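Here is what each chain is made of, one letter per residue.
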Amino acid sequence: MGPTLRLRLIPHVLLLLVAQMASAVVPVLQFDTAQFVLESFGRDSDSLGLPFPHPARPVTLPVASPSKSFWLDSPGANPLAKVGSEGELTTDADVCIIGSGITGVSAAYHLARLLERKGGEANRTVVILEARDFCSGATGRNGGHLRPNPFSGFARRAALYGVEDAVKSYDLEEYTTQELLRIIRENGASEEVDLVSEGRVTLLMTPEEEESARVDFEAAKAAGLGRLDSVKWIDRETMNETRGTSFPGVWTPGSNLWPLKAVALLFKLAASTSEKVNVTLHTHTPVTSVEPSTDSMSKRRYALFTPRGAINCDYVVHATNGYANYLLDPAKSKVRVVPTRGQIILVPAIAGTEAVGKTGWAANEGFEYWFPRPVKDSDEERPLVVLGGAREAMAPGFEYYETDDGVVNRNIDSALRSFLPKMFPGLYDETSEPTWEWVRFSALP
Ligand SMILES: Cc1cc2nc3c(=O)[nH]c(=O)nc-3n(C[C@H](O)[C@H](O)[C@H](O)COP(=O)(O)OP(=O)(O)OC[C@H]3O[C@@H](n4cnc5c(N)ncnc54)[C@H](O)[C@@H]3O)c2cc1C
């Protein structure tokens, strides 16, 4: 990619990432993955000045039969699943939010607080519209890691955007993580959302990876990035003795949780913020188009059309992630979002928590990521491990522009099944059947 093109791309990348990160979600490796993709496709720019190839097919609405996710489909996990799907549809609102993942629900949470303080005397209405069950997109299907990137990729980011902006981007991730942790803890919900804050070990599988991690760490330290004192480097021998795998690595602070339950908590808080702010949820209500309002009886600016009827409102928040271009024409809106799939399995360890530990993990330059779910009886129970990744099994296409989260990919399945037994021979066994396997798809800006 030539320097001119790269410079033109930066504002698009930053704006879209900031929009996502500011919504109290921590997109694991998203920044670096986006840059990687930009560079991979850099020679194929289009009329928007964006480097991605044109989609092979149009972006669809979310499919009706997604694969079943442990987070969403475990018994009793999603009491909000069908809320507002039947009966009368709200027809008038101040703000409509399309999408009930962490972006949409955290927008509702912050809006409710803002309108309570600054919304004047009038009562205000915020409506969340969701095509399927509550939170059934990427947020209800992801890897469950809640962690700011502490320094990875710092040197490259500083070279691309300058040290000051690089530091700000890491601070933003730290802030959003701490905010979500604060909300969970202040509401006494750590147990409810299965919050475990035991950090993350990143395995450095090649000398180049280790060298690059150390360069990033030193560059981040020299730039004055905070919070680096807690970072612990682990050599190969210690890792082997204490964690059962023969790669060096680095421990950094981090948590894991049940993402759907954290978002359900945010929704509950949004809906109970104030009697002046009515936050309503309509699941199973896909928005099929957003138009300027032509309803002569309504003074609102926009009309949102759904199979259940129209809703008039003044502001629209598109929190639709990889489905964004179903509603937003890329040429007119200058918003272009690349959907991409990911696959996750839940597989039992063959050892107990004492051997498996409680930390989250990443390896292979972040392609694979996993953590053991907490167990009730650490002597008896074998932890179930949530493992995602193996996308390199689908190189070079990496399943970009794939919006079907209903079909499990068999190549990725077999790569995932063999990954942990190869890395930790005494702790996992290739013959163990995953108890759940699901697909999620997300977006690269
Ligand atoms: C493989 C992979 C693993 C990841 N793992 C992690 C992780 O461990 N930790 C982490 O923090 N992040 C992770 N991420 C990123 C994270 O999951 C996403 O960034 C985040 O969930 C996006 O949230 P969202 O609310 O923007 O989108 P979503 O959760 O996808 O929500 C969008 C919602 O909009 C709805 N929708 C779409 N179109 C319409 C329409 N027209 N009308 C009505 N509703 C509509 C969808 O049904 C969906 O529910 C991962 C990403 C990938 C690719």
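These figures come from a predicted structure and were not determined experimentally. (Residues numbered from 1 in each chain as written. Predicted model: local features only at pLDDT ≥ 70, side-chain atom pairs only at ≥ 80, totals over all residues. Heavy atoms only, no water.)

### Brief notes about the overall build of the protein
And step 1. The helix and strand tally for the protein stands at 13 helices and 16 strands.
And step 2. The proportion of buried residues among the 445 residues of the protein is 54%.
And step 3. When the accessible area of the protein is evaluated, it comes to approximately 20,000 Å², of which 53% is carbon and sulfur surface. (Helix = DSSP H or I, 4+ residues; strand = E, 2+ residues; numbered from the N terminus. Buried < 20%, exposed > 50% of the residue type's maximum accessible area, 1.4 Å probe, protein only. Areas by Shrake-Rupley, 256 points an atom, 1.4 Å probe, with all protein chains shown as cover.)

### Section: the pairing of strand β1 (residues 92–98)
And step 1. Taken across its 7 residues, β1 has 6 buried, putting it largely inside the fold.
And step 2. Bridge analysis of β1 against strand β11 (residues 309–318) gives 6 bridges, and the strand direction is parallel. For I97, the partnering residue across the bridge sits in β11 and is V317.
And step 3. Sheet topology note: the β1/strand β2 (residues 124–129) ladder contains 4 bridges and is parallel. Residue pairing for β2: C96 is matched across the bridge by V127.
And step 4. For the crossover that starts at β1, traverses helix α4 (residues 102–118) and ends in the parallel β2, the hand is right-handed. (Pairing = 2+ DSSP bridges. Right-handed = clockwise from strand over helix to strand, strands pointing away.)

### As for the nonpolar core
And step 1. If you look at the biggest cluster of nonpolar residues, it comprises 45 residues, and the most contacted ones within it are I97, V126, F134, I184, F267 and V279.
And step 2. Top contributing element to this core by residue count: helix α9 (residues 259–271), with 8 residues.
And step 3. Not counting residues within four places of it along the chain, the set of residues in contact with F267 comprises L80, V105, I128, F134, V279 and L281.
And step 4. One finds L203, I345, V356 and I412 within the second-largest nonpolar core, a separate group that totals 23 residues. (Core = buried A, V, L, I, M, F, W, Y, C linked by side-chain atoms within 4.5 Å. Contact = heavy atoms within 4.5 Å.)

### A short note on the confidence of the model for the protein
And step 1. Put simply, the protein has an average pLDDT of 84, and 81% of its residues get 70 or more.
And step 2. Counting interchain partners and residues more than four positions distant, the pLDDT-below-50 stretch residues 1–51 has 95 contacts. (pLDDT = per-residue confidence, 0-100.)

### Quick look at the packing of α4 against α9
And step 1. Running from N to C, α4 and α9 cross one another at 25°; their axes reach a closest spacing of 8 Å. Relative to α9, α4 is oriented roughly parallel. The two elements α4 and α9 cross, and the hand of that crossing is left-handed. Residue-level inspection shows I102, V105, S106, A108, Y109, A112 and R113 of α4 in contact with α9, the latter providing V263, L266, F267, L269 and A270.
And step 2. The residue makeup of the contact of α4 with α9, split by class, is 10 nonpolar, 1 polar and 1 charged. (Axes fitted to C-alpha atoms, helices over the stretch in contact; angles between N-to-C directions. Parallel < 35°, antiparallel > 145°, perpendicular 65-115°, else oblique. Left-handed = near helix turned anticlockwise from the far one by under 90°. Nonpolar A, V, L, I, M, F, W, Y, C, P; charged D, E, K, R; others polar.)

### Brief notes about the pattern of salt bridges
And step 1. Summed over the entire model, instances satisfying the criterion amount to 14 salt bridges.
And step 2. The partner of E174 in a salt bridge is R227, with the nearest N and O atoms 3.3 Å apart. Taken together, the residues span a long stretch of sequence, with E174 in helix α6 (residues 163–186) and R227 in the loop between α7 (207–222) and β5 (232–234) at a distance of 53 residues.
And step 3. Judged by its relative accessible area of 17%, E174 falls in the buried class. (Salt bridge = Lys/Arg side-chain N within 4 Å of Asp/Glu carboxyl O.)

### What about unusual backbone geometry?
And step 1. The phi dihedral of C135 falls on the positive side, at around 55°, and the residue is not glycine.
And step 2. By the secondary structure assignment, C135 is in the loop between β2 and β3 (145–146).
And step 3. Look at C135 and you get buried, because its relative accessible area is 1%.
And step 4. Its identity is not glycine, yet H284 carries a phi of approximately 50°, on the positive side.
And step 5. With respect to the helices and strands, the residue H284 is situated in the loop between β8 (277–282) and β9 (289–292).
And step 6. Residue class for H284 comes out partly exposed when judged on its relative accessible area of 32%.

### A look at the side chain of S85
And step 1. Looking at the secondary structure, you find S85 in the loop between α3 (70–73) and β1.
And step 2. In this structure the side chain of S85 is engaged in a polar contact, spanning 2.7 Å, whose partner is the backbone oxygen of K82.
And step 3. Those residues in contact with S85 that sit more than four places away from it in its chain are T283, H284 and R308. (Polar contact = N/O pair within 3.5 Å; in protein donor to acceptor, adjacent residues only side chain to side chain.)

### Quick notes on the packing of helix α5 (residues 154–161) against α6
And step 1. Where α5 meets α6, the closest approach of the two axes is 7 Å, and the angle between their N-to-C directions is 130°. Overall, the two elements α5 and α6 adopt an arrangement that is oblique. In the crossing of α5 with α6, the sense of the turn from one axis to the other is right-handed. Contacts between α5 and α6 involve F154, R157, A158 and Y161 from the first element and V163, D165, A166, V167, S169 and Y170 from the second.
And step 2. Split into classes, the residues belonging to the contact of α5 with α6 amount to 7 nonpolar, 1 polar and 2 charged.

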